[in-house]
Amino acid sequence: MDLDRIALKWALKNAVEHNGRAMIGPVIAKILGERPDLKSDIASVRRAAERAVERVNSMSLEEQRAMLMEIAPELLEAKRVEEKRLPPLPGAEPGKVVTRLPPEPSGYMHIGHAMSGLLNYLYAKMYDGRIWLRFEDTDPRKVRLEYYESFRRGYRWLGIEWDYEKNNSDDIELFYRYAEQLIRVGKAYVCTCPVEKIRRLRAQGEECEHRSLGIDENLSLWNEMLAGSFLEGEAILRLVGDMKHANTTMRDPALFRIIEHRHPLTGNKYRVWPLYDFAVSIEDYLCGVTHVLRTSEFALRDELQNYIRSLLGLNRHPVYIEYSRFEFKGTPVSKRRLRTILEAGLAKGWDDPRFPTIEGVRRRGILPEAIREFTIAQTGFSYAKREYDWSLLFAINRKILDPLARRLFFTPNPVKLLVEGAPKASIEAPYHPSNKDLGSRILRTSSEFYIAGADAERMKPGEVYRLKYLLNFKVLEICGSQVRGEFLGMEPMKDVQIIQWVPADEYVEVEVLVPDVLYLNDEINPESLRIVKGFGEKAVETVKLDEIVQFERFGFCRRDSESKALFIFAHD
Ligand SMILES: [Zn+2]
């Protein structure tokens, strides 16, 4: 790898870890760490680092991630140190663990998928194991190409690297062979009862007349199913289970059904599709999955899946670990409920920052590192249903962002301030009080400013305030939408409230979308998205798309538009 490429790699890594901004010093250190032989030519190393940092800093955070994924994906992987904090996995042997990401591409990836995926991934890493990305895509009516991509993009964004990828729909012929095998040992039969009858008999624990058909008859009916002699809904292949079993999933469940619908990957090639349990039982075996970490609504299915495998002679079952669904207060993950909100025009798209979709959460300014930390912190394998409060995730996000985000002045609902006697000034103010690497900006001022409306509202004549980094003034009068004050010097004073400001002749119009929860007490929250308008200091123009900054005394906000100063509020 040549020097420029090495520099580019480390600049990307540094930027991705620092909210989109690479710094020259750490990049040089990394280059020399990788190539100590270059210490004799430090000038070239520095120039390469400078070029790389300049290039990388002109890219958006998403572009940086994408490029790093392309040239050095190993640098995007989750950090080792975190994985050590997970509780041990029962029956896990180093080097032998295989887990899976099993998304059904029937909707956009959401935060619950993310947390589940992270657990499976982190455990695979913790035990030097392997992980599959396997799309459970055997319901052609539900799956869509864009959803496959939503999951791939989402997992990548989280830093999850999978070792293998496949689709259940790749294996339809194989599923047919296993189905025939079951029929031949008398463990599956074709049932042509109407749906209501099947439902009624299952509830009553009674068999239908088709259960006693002979093997030859079943084989020929099965072949007719495959050949298209039955229409959708006219025939299913059922497992010979136990119609009196306490676990109702064991009561002769359907294994295959007919779906007359074009599949986005296999087209019209197949019309007989396996149901979830059948496909998963076989795929988990074929993939050599040793541990399945999943939410507890699947708990009743373990028995059925183990049973299907046993009948087929596939005698190796994964260890199942179940935990309650990851849900957040006021934020349904149900597609139906989210669609209601979309159709009512209350949100613009699935990437709405109030939505639990990965795109929504990303736009909200939540970092993948925060989701990872949060997931690890919450791992207790508890069955109890619980709803998380967003504030827990925000707290972790804030902790990560606080030392990395530039702090800028923003004055919501601005009011003009005239400070009589204030000299023209030009001051250099750091972007961060302790992280000097973030640099500084120059603020040029005269005697007119804008301050936040809320600050102006509180002021009373005679009170003294300080414009941060700049000057002190005494309030003289508040008339209409303007505050008049008297200059009291530049040196900081004791016990004076410090406020944010922007120069009256140099500011940027800023709009911030402030999301809140979609539901309050199970009713749609009418105030779930507020728009706050105000003025930001000139340096707002230097904030890149996707960069998260802290508007002082307002909150962390992510830039959402390249062409205008539109931000989305993450949290305070
Ligand atoms: Zn029947």
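Quick caveat: nothing in here was measured; it's all calculated off a predicted structure. (Residues numbered from 1 in each chain as written. Predicted model: local features only at pLDDT ≥ 70, side-chain atom pairs only at ≥ 80, totals over all residues. Heavy atoms only, no water.)

What follows covers the coordination of the zinc ion. Octahedral metals with six donors have ideal donor angles of 90 or 180 degrees. Tetrahedral metals with four donors have an ideal donor angle of 109.5 degrees. Coordination sphere of the zinc ion, protein contribution only: C191 (SG), C193 (SG), C208 (SG) and H210 (ND1), at 2.1 to 2.4 Å. If you look at the zinc ion, its 4 donor atoms make angles of 102 to 118 degrees with each other, and the shape they trace is tetrahedral. (Donors = N, O, S within 2.8 Å, 3.2 Å for Na, K, Ca; no water. Tetrahedral: all angles 85-135°; square planar, octahedral: opposite > 155°, others 65-115°.)

With that settled, the discussion passes to the pairing of strand β4 (residues 188-191). Residue alternation in β4 divides its side chains into two sets, A188 and V190 and Y189 and C191, and both sets are buried. As judged from the 4 bridges shared by β4 and strand β5 (residues 236-239), these two strands associate in the antiparallel manner. Bridge pairing in β5 links Y189 to R238. (Buried < 20%, exposed > 50% of the residue type's maximum accessible area, 1.4 Å probe, protein only. Helix = DSSP H or I, 4+ residues; strand = E, 2+ residues; numbered from the N terminus. Pairing = 2+ DSSP bridges.)

Before going further, it helps to examine the pattern of salt bridges. According to the stated counting rule, one finds 50 salt bridges in the structure shown. Across the pair D284 and R100 runs a salt bridge whose closest N-O atoms are separated by 2.7 Å. Residue D284 is located in helix α11 (residues 276-286), and its partner R100 is located in strand β1 (residues 98-101); the two are separated by 184 residues in the primary sequence. You'll find D284 and R100 in the same group, each marked buried. (Salt bridge = Lys/Arg side-chain N within 4 Å of Asp/Glu carboxyl O.)

Moving on, we get to the sheet that holds strand β21 (residues 497-499). Pairing is mixed in the open sheet, where 7 strands are placed in the order β21-β18-β19-β20-β14-β17-β22. Because the sheet does not close on itself, it has two edges, and the strands there are β21 and β22 (501-503). Strand after strand, the sheet turns through a mean of 40 degrees between neighbouring axes, direction not considered. Across 3 bridges, the pairing between strand β18 (residues 464-467) and β21 is parallel. Bridging from a neighbouring strand, Y465 pairs with Q497 of β21. (Axes fitted to C-alpha atoms, helices over the stretch in contact; angles between N-to-C directions.)

A word on helix α2 (residues 24-34). Within α2, the full set of buried residues consists of V27, I28, I31 and L32. Down the axis of α2, the smallest arc covering the buried residues is 130 degrees, so these residues share one side. Tucked inside the fold, the buried residues of α2 contact α1 (3-17) and α3 (42-57). (Arc of directions from axis to C-beta. Contact = heavy atoms within 4.5 Å.)

Now for the sheet that holds strand β3 (residues 164-167). In any sheet, the strands associate via hydrogen bonds between backbone groups, in a parallel or an antiparallel arrangement. Sheet architecture is open: 3 strands sit in the order β1-β2-β3, paired in parallel fashion. Each edge of the sheet is formed by a strand with only one pairing partner; in this case those strands are β1 and β3. Going across the sheet, the axis of each strand differs from the next one's by a mean of 25 degrees, ignoring polarity. Against the sheet, α11 engages β1, β2 (130-135) and β3, with an angle of about 150 degrees to β2.

Once that is clear, we can look at the nonpolar core. If you look at the biggest cluster of nonpolar residues, it comprises 50 residues, and the most contacted ones within it are I371 and L393. Every element with two or more residues in this core is listed here: α6 (111-126), β2, α7 (145-157), β9 (319-323), α14 (358-363), α15 (368-378) and α16 (390-401). Among residues more than four places away in sequence, those in contact with I371 are I111, A114, M115, L118, W157, L158, V361, I366 and L393. Among the nonpolar cores identified, the runner-up in size contains 33 residues, and A235, W273, I282 and L304 belong to it. (Core = buried A, V, L, I, M, F, W, Y, C linked by side-chain atoms within 4.5 Å.)

Phi at D128 takes a positive value of approximately 55 degrees, unusual for a residue other than glycine. Inspection of the secondary structure assignment puts D128 in the loop between α6 and β2. Residue N521 is not a glycine yet carries a positive backbone phi of 50 degrees.

Let's shift gears to the packing of aromatic side chains. This structure, assessed with the given rule, holds 32 aromatic pairs. Consider the rings of F135 and Y148, whose centres lie 4.8 Å apart with planes at 55 degrees: the pair is tilted. Of this pair, F135 sits in strand β2 while Y148 is found in helix α7, placing the two residues 13 residues apart along the sequence. Their ring planes at 50 degrees and their centres at 5.7 Å tell us that F328 and Y388 sit as a pair that is tilted. Placement of F328 in strand β10 (residues 327-328) and of Y388 in strand β11 (residues 387-388) is noted, with a sequence separation of 60 residues between them. By way of ring pairs, the aromatic residues F175, Y176, W222, F256, Y270, W273 and F278 are connected into one cluster. Between R337 and the ring centre of Y519, over which it is positioned, the NZ or CZ distance is 4.2 Å. Stacked on the ring of Y431, the Lys or Arg R406 has its end atom at 4.6 Å from the ring centre. (Phe/Tyr/Trp six-rings, centres within 6.5 Å; stacked < 30°, edge-to-face > 60°. Lys NZ or Arg CZ within 6 Å of the ring centre and 35° of its normal.)

This paragraph deals with the side chain of T411. Of note, T411 is situated in strand β13 (residues 410-412). Discounting residues that sit within four places of it in the chain, T411 has contacts with Y450, I451, A452, Q500, W501, V502, G534 and F535.

Our next topic: the domain arrangement of the chain. Segmenting the chain into domains produces domain 1 (3-76), domain 2 (172-276) and domain 3 (404-572). One C-alpha centre belongs to domain 1, the other to domain 3; they are set 33 Å apart. In this assembly, 13 residues from domain 1 lie in contact with 10 residues from domain 3. Summed over both sides, the interface of domain 1 with domain 3 buries roughly 920 Å², with 52% coming from carbon and sulfur. For domain 1, the biggest contributors to the area lost against domain 3 are N19, R21 and M23; these three give 60% of the whole. There are 1 salt bridge connecting domain 1 and domain 3. With its nearest N and O atoms 3.2 Å apart, the salt bridge here joins E547 to R21. (Domains from an automatic or database assignment. Buried area = accessible area lost by both parts, 1.4 Å probe.)

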